[in-house]
Amino acid sequence: MTVEANRKLLMRRFDLANSETDQDILIERARSDRSAFALLYRMHYERVFRYCCRRLFNRHAAEDVTSTIFFRVMRTISTFEGNSNDFRSWLYRIATNAVNDHLKTAKRRADTIRNTAQQKGRSNAFAGKSDDEIQKNNLAVKQTILGLKPKYQTVITLRYFEKMKLVEIAEILGQNPATIRTQLARALSKLRKELRAFAHLEP
Amino acid sequence: MNDNNENIEQVLKGLTFDDAPDHGHQDLLEHKLLLNFKAVQPRHKSTWRIIMNTKMAKLTAAAVIVIGVFVGFAIFTKTSSVSWAQVREQVAAVKAVIYKAKINTTENGQPFQVQIEAILADEHGTRMDAYMGEQLLQRSFTLEDKKTHIIIMPAQKKYIEVELTEKNRIENGDPKLIVEAFLKGDYKKLGRREINGVTVEGIESHDVSPTAGFPGGGGLIEGLEKLSAKVIASLWVDVATGWPFEIILDITDENGGEQVTIVVSDFQWDAQIDPTTFASVIPEGYELMYKVNAENLEEGNQLAEGLKYFAQINDGKYPTKLSVRDVLGELGNIYRAKSDDPSFRIDDAQVSTLKYGAQFFGTLEPEGKEPVYNGATVTAADSDKVLVRWKLDDGKYRVIYGDLRIEDVSSGRLEEMETK
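Scoring rules and cut-offs
Residues numbered from 1 in each chain as written. Chains lettered and ligands numbered in written order. Predicted model: local features only at pLDDT ≥ 70, side-chain atom pairs only at ≥ 80, totals over all residues. Heavy atoms only, no water. Helix = DSSP H or I, 4+ residues; strand = E, 2+ residues; numbered from the N terminus. Buried < 20%, exposed > 50% of the residue type's maximum accessible area, 1.4 Å probe, protein only. Contact = heavy atoms within 4.5 Å. Areas by Shrake-Rupley, 256 points an atom, 1.4 Å probe, with all protein chains shown as cover. Salt bridge = Lys/Arg side-chain N within 4 Å of Asp/Glu carboxyl O. Patch = residues over 30% accessible without salt bridge, like charges linked within 9 Å, V, L, I, M, F, W, Y side chains within 5 Å. Lys, Arg positive; Asp, Glu negative; His and termini not counted. Charge placed at Lys NZ, Arg CZ, Asp CG, Glu CD. Pairing = 2+ DSSP bridges. 1 Å grid on protein atoms, 1.4 Å probe; cavity = no way out; pocket = protein on both sides within 12 Å on 5 of 7 lines; lining within 4 Å. Points joined across faces, edges and corners; volume = space filled by probe spheres on them. Nonpolar A, V, L, I, M, F, W, Y, C, P; charged D, E, K, R; others polar. Expected span 1.5 Å × (residues − 1). Polar contact = N/O pair within 3.5 Å; in protein donor to acceptor, adjacent residues only side chain to side chain. pLDDT = per-residue confidence, 0-100.

Draft legend 1. Structural view of the overall build of chain A. A count of helices and strands for chain A gives 10 helices and zero strands. Walking chain A from its N terminus toward its C terminus, one meets helices and strands in the order α-α-α-α-α-α-α-α-α-α. In chain A, which comprises 203 residues, the proportion classed as buried is 52%. Considering only intrachain contacts with a sequence separation of at least 6, the fraction spanning at least 24 residues in chain A is 62%. Carbon and sulfur atoms make up 49% of the accessible area of chain A, which totals about 9,800 Å².

Draft legend 2. Broad picture of the pattern of salt bridges. Scanning all chains against the criterion turns up 20 salt bridges over all chains. Notably, a salt bridge pairs Glu30 of chain B with Arg42 of chain A, separated by 3.2 Å at the nearest N-O pair. Taken together, the residues Glu30 of chain B in helix H2 (residues 23–35) and Arg42 of chain A in helix H3 (residues 34–56) connect one chain to another. In this pair, the class of Glu30 of chain B matches that of Arg42 of chain A, namely buried. One salt bridge in this structure joins Asp18 of chain B and Arg59 of chain A, with 3.2 Å as the shortest N-O distance. Of the two residues, Asp18 of chain B is situated in the loop between helix H1 (3–13) and H2 and Arg59 of chain A in helix H4 (residues 59–76); the pairing between them involves two chains. When its relative accessible area of 22% is taken as the criterion, Arg59 of chain A is described as partly exposed.

Draft legend 3. The arrangement of a positive patch on the surface in detail. All names here are of chain A. Taken together, Lys149, Lys151, Arg186, Lys190 and Lys193 make up a surface patch of like positive charges. It is helix H10 (residues 177–201) that provides the largest number of residues to the positive patch, a total of three residues. Note on placement: Arg186 falls in helix H10. Judged by its relative accessible area of 49%, Arg186 is partly exposed.

Draft legend 4. The arrangement of the pairing of strand E15 (residues 397–401) of chain B in detail. Residues and elements named next belong to chain B. The buried fraction of E15 is high, at five of five residues. Here E15 shows a buried face lined by Tyr397, Val399 and Tyr401 and a second buried face lined by Arg398 and Ile400. Here strand E14 (residues 386–391) folds back onto E15, and the loop between the two strands holds five residues, one of which, Gly395, carries a positive phi near 95°. Examined bridge by bridge, E15 and strand E16 (residues 406–409) share four bridges and lie antiparallel to one another. From the neighbouring strand, Tyr397 faces E16, where its bridge partner is Val409. The turn linking E15 back onto E16 is made up of four residues, and Leu404 within it adopts a positive phi angle of 75°.

Draft legend 5. Representation of empty space enclosed by the protein. Residue and element names in this part refer to chain A. Counting across every chain of the model gives one cavity of 30 Å³ or more. Approximately 40 Å³ is the volume attributed to the largest cavity. Around the largest cavity sit Arg47, Val48, Tyr51, Arg88, Leu91 and Tyr92, which together line it. Put simply, the parts of the chain that give the lining of the largest cavity at least two residues each are H3 and helix H5 (84–104). Here the lining of the largest cavity is built from residues that sort into four nonpolar, no polar and two charged.

Draft legend 6. Representation of a negative patch on the surface in the model. Residue and element names in this part refer to chain B. Taken together, the side chains of Glu295, Glu298, Glu299, Asp393 and Asp394 make up a negatively charged region of the molecular surface. Within the secondary structure, Glu295 is located in helix H8 (residues 294–299). Glu295 sits in the partly exposed class, given a relative accessible area of 47%.

Draft legend 7. The side chain of Ser67 of chain A, seen in detail. Along the chain, the position of Ser67 of chain A falls in helix H4. By relative accessible area, which is 17% here, Ser67 of chain A ends up buried. Non-local contacts of Ser67 of chain A, meaning those with residues more than four positions away in its chain, are made with His25 and Leu29 of chain B.

Draft legend 8. Summary view of H4 of chain A. With 18 residues, H4 of chain A extends 25 Å from end C-alpha to end C-alpha; this agrees with the ideal 26 Å at 1.5 Å per step. The complete set of buried residues in H4 of chain A reads Ala61, Ala62, Glu63, Val65, Thr66, Ser67, Ile69, Phe70, Val73 and Met74 of chain A. Against H3 and H5 of chain A together with H2 of chain B lie the buried residues of H4 of chain A. N-capping of H4 of chain A is provided by Asn58 of chain A, with a side-chain oxygen placed 3.0 Å from the backbone N of His60 of chain A.

Draft legend 9. View of the confidence of the model for chain B. Residue and element names in this part refer to chain B. Confidence along chain B averages 73 in pLDDT terms, with 71% of residues attaining 70 or more. pLDDT under 50 marks residues 41–82. Its contacts with residues more than four places away, or in other chains, come to 133 contacts. Across residues 167–182 the pLDDT falls below 50, and counting only partners more than four positions away or on other chains, this stretch makes 29 contacts in the model. Model confidence for the complex is summarised by a pTM of 0.45, with the ipTM given as 0.82.

Quick look at the structure:
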């Protein structure tokens, strides 16, 4: 069996073997137990990394921010209050703040947008139908998302890429679901407007 | 939402991402995190790791060990008392025993309890499961046929394998030696009382070492032998059957500040052991964390191999100090310095090799083996300088040179080299 297959098997077994109660105990232990923290980290690394990729569209940046997130988790886990469900929200909240911090500086934001654009070049978002054109549309949409305010990026990512319900997003962001619904509507409206503008700029 | 938004939603849902994790980054980050991990006091529960990392921990670990000692005591004790002679005869014929133990102590004011379920069988070896609440913390085996001690760690899905030498087996696997030490001291008779409706008769001893009798090697728990603790031990035997019924140990650390109480009970003497209890020792999917060959440790090969790895990733320089803590700290600095190098990979096995080698080095001082480590001044280029040395039983010194050659030299030769 390959290392990769072993790793997947291990994680699958872990998922099957650990109830919420087990995870609650694990979180408790992770405050003071290096091995428990390591296990908690392994359980959540993939989720956090994928979230960062879906926010930043860049693997290297996602790795950097993932590192930042877990160091923050390690430093602040002693302050965490709650069960394993709360922990997931708490982790996303830290991740969201870390991504937004990363994007805060204008240069980083510009770099991220440029890097995304350079992956395959720019293109019209809606015009193409071939695989190549779909790929170009993909990049155009990502680039446009990166141009939105972080709070709009956040709700779009959590809703459509992380496939969360409004109440889950509200829990993570510490707002009520109605506010999230409004933010999401505004985010989509902004995105649609920007994509149209983007399409008009394309040759 | 309106149609336009639905279109946008379809576009968003159709996006794909390059988000497959790179396990190289995952592993590297894990190492960085763990090297910087600073434990904080848990609010409600303690852990096995805490147990093993603190002074009281070692007492507690010792307490676990004593369970084995006292089973040995129960099996092999010889006294002049008629009733105790009967106990001796009965227990001496036992081929297998199952028991449970509860270990109660406090850690920084927080009470906690570890439960042990143990099986000792002449034919197979020993198995001990340690629980906290319902959670299995650790399972260990000493396998007679394979001469191996295995520690399973469910939280990490990993295991440690320790090969036992004949010397270790004699020193650590034969409870008669421990019992003999016990019997050298005084004990007093406690008379009779009732436990759970059973009439029992007991004896009490203050002379049993809490570190003796570990069925995998006293040197395996760092510093255990350095402990000084007061032990009050009592053994209660069922008057009707002559079988040991309950063993109670009270262990107090040298300052009298903290206490461990162990109650061993639920004995099943001469139990029929299901052979599957000792089958499939390593659960499927568990990874080897590291393997320790006791002879390699004593010969210095394991330490030399670990130092070789360190020098390879550190421009030929060895760790400046050789304690486990210092070595891990220095490794952390190296990893941080190399975090921008995408080709750099942490070798878990080699890290464990070095860690265990350093742990072995730490056991030499209390044994009076005059260990010296010169990593702060000797590098891989100093082929004839003494990097590490310690005294052997025959009076010679084992030397690991800067180029990691290993040689046994006389005290005169060592002095000559060290005064150069």
